[in-house]
Amino acid sequence: MGVISLLEGYFAGNPVSFADIPLDLWGTAFQQEVWRGLTQIPYGGVATYKELSVQIGRPLAVRAVGAANGQNPIPVIVPCHRVIGANGTLTGYRGGLKLKQELLALEGITHVGAAGHERFAF
(Lines give C-alpha, C1' and ligand atoms only; values in the text may rest on other atoms or scores of the structure.)
Protein backbone atom coordinates (compact mmCIF):
# COMPACT_ATOMS: atom_id res chain seq x y z
CA MET A 1 0.00 0.00 0.00
CA GLY A 2 1.36 3.43 -0.92
CA VAL A 3 1.90 6.30 1.45
CA ILE A 4 -1.04 8.28 0.02
CA SER A 5 -3.43 5.39 0.68
CA LEU A 6 -2.03 4.98 4.18
CA LEU A 7 -2.46 8.69 4.92
CA GLU A 8 -6.02 8.62 3.58
CA GLY A 9 -6.77 5.65 5.83
CA TYR A 10 -5.14 7.37 8.80
CA PHE A 11 -7.17 10.56 8.38
CA ALA A 12 -10.31 8.46 7.92
CA GLY A 13 -9.68 7.17 11.45
CA ASN A 14 -8.35 3.73 10.57
CA PRO A 15 -5.42 2.24 12.52
CA VAL A 16 -2.45 2.52 10.17
CA SER A 17 1.21 1.61 10.40
CA PHE A 18 3.77 3.45 8.34
CA ALA A 19 6.50 1.00 9.41
CA ASP A 20 6.91 -0.49 5.94
CA ILE A 21 7.35 2.86 4.21
CA PRO A 22 11.02 3.32 3.27
CA LEU A 23 12.26 6.61 4.66
CA ASP A 24 15.24 8.69 3.58
CA LEU A 25 15.43 11.18 6.43
CA TRP A 26 18.17 13.77 6.46
CA GLY A 27 19.40 14.81 9.86
CA THR A 28 22.15 14.27 12.36
CA ALA A 29 22.84 10.77 13.61
CA PHE A 30 21.17 11.70 16.90
CA GLN A 31 18.06 13.09 15.18
CA GLN A 32 17.78 9.92 13.16
CA GLU A 33 18.00 7.83 16.36
CA VAL A 34 15.15 9.85 17.83
CA TRP A 35 13.07 9.62 14.67
CA ARG A 36 13.55 5.83 14.53
CA GLY A 37 12.45 5.72 18.16
CA LEU A 38 9.31 7.68 17.28
CA THR A 39 8.37 5.06 14.69
CA GLN A 40 8.28 2.49 17.49
CA ILE A 41 5.44 4.25 19.34
CA PRO A 42 2.36 2.34 18.19
CA TYR A 43 -0.84 3.80 16.79
CA GLY A 44 -3.03 4.69 19.75
CA GLY A 45 -0.07 4.87 22.13
CA VAL A 46 1.98 7.63 23.69
CA ALA A 47 5.39 7.96 25.28
CA THR A 48 6.98 10.69 27.35
CA TYR A 49 10.16 12.41 26.26
CA LYS A 50 11.94 10.58 29.09
CA GLU A 51 10.59 7.20 27.95
CA LEU A 52 11.71 7.93 24.40
CA SER A 53 15.18 8.97 25.56
CA VAL A 54 15.50 5.73 27.55
CA GLN A 55 14.18 3.69 24.62
CA ILE A 56 16.91 4.99 22.31
CA GLY A 57 19.59 4.42 24.93
CA ARG A 58 20.10 8.09 25.79
CA PRO A 59 18.43 8.43 29.22
CA LEU A 60 20.07 11.78 30.04
CA ALA A 61 19.24 13.41 26.71
CA VAL A 62 15.60 14.28 27.40
CA ARG A 63 15.87 17.90 26.24
CA ALA A 64 17.88 16.93 23.15
CA VAL A 65 15.25 14.29 22.35
CA GLY A 66 12.62 17.01 22.57
CA ALA A 67 14.61 19.24 20.21
CA ALA A 68 15.11 16.41 17.70
CA ASN A 69 11.43 15.53 17.97
CA GLY A 70 10.59 19.10 16.99
CA GLN A 71 12.80 18.84 13.90
CA ASN A 72 10.98 15.77 12.55
CA PRO A 73 10.50 16.48 8.83
CA ILE A 74 7.49 14.19 8.30
CA PRO A 75 4.99 14.37 11.17
CA VAL A 76 2.24 11.71 11.20
CA ILE A 77 4.42 9.24 9.27
CA VAL A 78 7.08 9.64 11.97
CA PRO A 79 4.58 10.15 14.80
CA CYS A 80 6.10 12.93 16.91
CA HIS A 81 2.59 13.87 18.06
CA ARG A 82 2.60 10.74 20.25
CA VAL A 83 5.21 12.21 22.60
CA ILE A 84 3.83 13.92 25.69
CA GLY A 85 5.14 15.60 28.81
CA ALA A 86 6.21 13.70 31.92
CA ASN A 87 3.07 14.88 33.71
CA GLY A 88 0.87 13.28 31.03
CA THR A 89 -0.08 16.51 29.30
CA LEU A 90 0.39 17.94 25.83
CA THR A 91 3.66 19.67 25.16
CA GLY A 92 5.02 21.52 22.14
CA TYR A 93 4.11 20.58 18.62
CA ARG A 94 5.19 22.41 15.49
CA GLY A 95 1.61 22.35 14.18
CA GLY A 96 0.22 23.66 17.48
CA LEU A 97 -1.20 21.87 20.50
CA LYS A 98 -4.73 21.88 19.07
CA LEU A 99 -3.58 19.87 16.06
CA LYS A 100 -1.55 17.54 18.29
CA GLN A 101 -4.63 16.90 20.42
CA GLU A 102 -6.73 16.30 17.29
CA LEU A 103 -4.23 13.76 15.92
CA LEU A 104 -4.15 11.94 19.26
CA ALA A 105 -7.96 11.96 19.42
CA LEU A 106 -8.08 10.53 15.88
CA GLU A 107 -6.09 7.60 17.28
CA GLY A 108 -8.45 7.25 20.25
CA ILE A 109 -6.15 8.96 22.75
CA THR A 110 -8.39 11.32 24.68
CA HIS A 111 -6.87 11.16 28.17
CA VAL A 112 -4.09 13.65 27.41
CA GLY A 113 -4.99 17.25 28.13
CA ALA A 114 -3.38 20.63 27.87
CA ALA A 115 -0.63 21.44 30.37
CA GLY A 116 -2.09 21.83 33.83
CA HIS A 117 -5.31 20.00 32.98
CA GLU A 118 -6.09 16.29 32.57
CA ARG A 119 -3.47 13.76 33.48
CA PHE A 120 -3.07 10.08 32.87
CA ALA A 121 -5.39 7.74 34.67
CA PHE A 122 -3.21 4.73 35.44
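For the chain, an unreviewed UniProt entry supplies the name Methylated-DNA--[protein]-cysteine S-methyltransferase and the organism Paenibacillus tianjinensis.

Colleague: Looking at this structure, how should I read the layout of surface pockets?
Modeller: To find leftover empty space, a probe the size of one water molecule is rolled over the atoms. Volume-wise, the largest pocket comes out at about 210 Å³. Lining the largest pocket are 15 residues; nearest its centre among them are Ser17, Phe18, Ala19, Thr39 and Ile77.

Colleague: Looking at this structure, how should I read helix α2 (residues 29-38)?
Modeller: Three- or four-residue spacings in an α-helix give side chains the same orientation, since the helix completes a turn every 3.6 residues. In terms of burial, α2 is largely enclosed, as seven of its 10 residues are buried. Listed as buried for α2 are Phe30, Gln31, Glu33, Val34, Trp35, Gly37 and Leu38. Buried positions along α2 lie against α3 (49-55), α4 (62-70) and β2 (83-84).

Colleague: Would you mind showing me how to read the environment of Ser5 here?
Modeller: Relative to the assigned elements, Ser5 resides in helix α1 (residues 3-11). Residues Ser5 and Val16, spaced 11 residues apart in sequence, show a C-alpha to C-alpha distance of 10.0 Å.

Colleague: What is the right way to look at the pattern of salt bridges in this model?
Modeller: When charged atoms on two side chains of opposite charge get close, those side chains can pair. Taken as a whole and assessed by the stated rule, the structure comprises three salt bridges. With a closest N to O distance of 2.7 Å, Glu33 and Arg58 form a salt bridge. Taken together, the residues span a long stretch of sequence, with Glu33 in helix α2 and Arg58 in the loop between α3 and α4 at a distance of 25 residues. You can call Arg58 partly exposed: its relative accessible area is 34%. Among the salt bridges present, the one from Glu102 reaches Lys98, with a minimum N-O distance of 2.4 Å.

Here is what the cut-offs are and how they apply
- Residues numbered from 1 in each chain as written.
- Predicted model: local features only at pLDDT ≥ 70, side-chain atom pairs only at ≥ 80, totals over all residues.
- Heavy atoms only, no water.
- 1 Å grid on protein atoms, 1.4 Å probe; cavity = no way out; pocket = protein on both sides within 12 Å on 5 of 7 lines; lining within 4 Å.
- Points joined across faces, edges and corners; volume = space filled by probe spheres on them.
- Buried < 20%, exposed > 50% of the residue type's maximum accessible area, 1.4 Å probe, protein only.
- Helix = DSSP H or I, 4+ residues; strand = E, 2+ residues; numbered from the N terminus.
- Contact = heavy atoms within 4.5 Å.
- Salt bridge = Lys/Arg side-chain N within 4 Å of Asp/Glu carboxyl O.

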